Amino acid sequence: RTLSGTTAGRPTGAETNERGCYTARMKLTIETEQESDGRWIAEVMELSGVLLYGATREEAIHAVQVLSLRVSADRIEHGDYVEPRILDSVFVAA
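Here is a short report on the structure shown in this document.

So, how was this worked out
- Residues numbered from 1 in each chain as written.
- Predicted model: local features only at pLDDT ≥ 70, side-chain atom pairs only at ≥ 80, totals over all residues.
- Heavy atoms only, no water.
- Helix = DSSP H or I, 4+ residues; strand = E, 2+ residues; numbered from the N terminus.
- Contact = heavy atoms within 4.5 Å.
- Phe/Tyr/Trp six-rings, centres within 6.5 Å; stacked < 30°, edge-to-face > 60°.
- Lys NZ or Arg CZ within 6 Å of the ring centre and 35° of its normal.
- Pairing = 2+ DSSP bridges.

Right, let's talk about the overall build of the chain for a bit. Per the secondary structure count, the chain includes two helices and five strands. Counting from the amino terminus, the chain carries its helices and strands in the arrangement β-β-β-β-β-α-α. Sequence-distant contacts in the chain: of pairs separated by 6 or more residues, those separated by 24 or more amount to 22%.

Here the structure, examined in full by the defined rule, presents zero aromatic pairs. One residue, Arg39, lies across the ring of Tyr53, its end atom 3.9 Å from the ring centre.

Inspection of the sheet shows strand β4 (residues 40-44) paired to strand β5 (residues 51-54) by four bridges, in the antiparallel sense. If you follow Ile41 over to β5, its bridge partner there is Tyr53. Between β4 and β5, which follow one another and run antiparallel, lie six residues, and Gly49 among them has a positive phi close to 85 degrees.

As structure tokens, then:
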């Protein structure tokens, strides 16, 4: 079932599973732009400094998706701050 609004810290659009645990599906925003030299740059807006170039738009998007996962994993592994909404979009405690 889908919950509406923000209730008890649950984000809008959170769903509950058969155990009554909620899951949130946050999407990370990738902005792209073509440079004057023809290369494409893709940047994940919610993760500071996560941006990459690619020869094509698709290549840049794929590369920045991979980098965003690596950066998040590295931050978790080293005890650095990772926004809870990013973690909640990937992990669900049962």
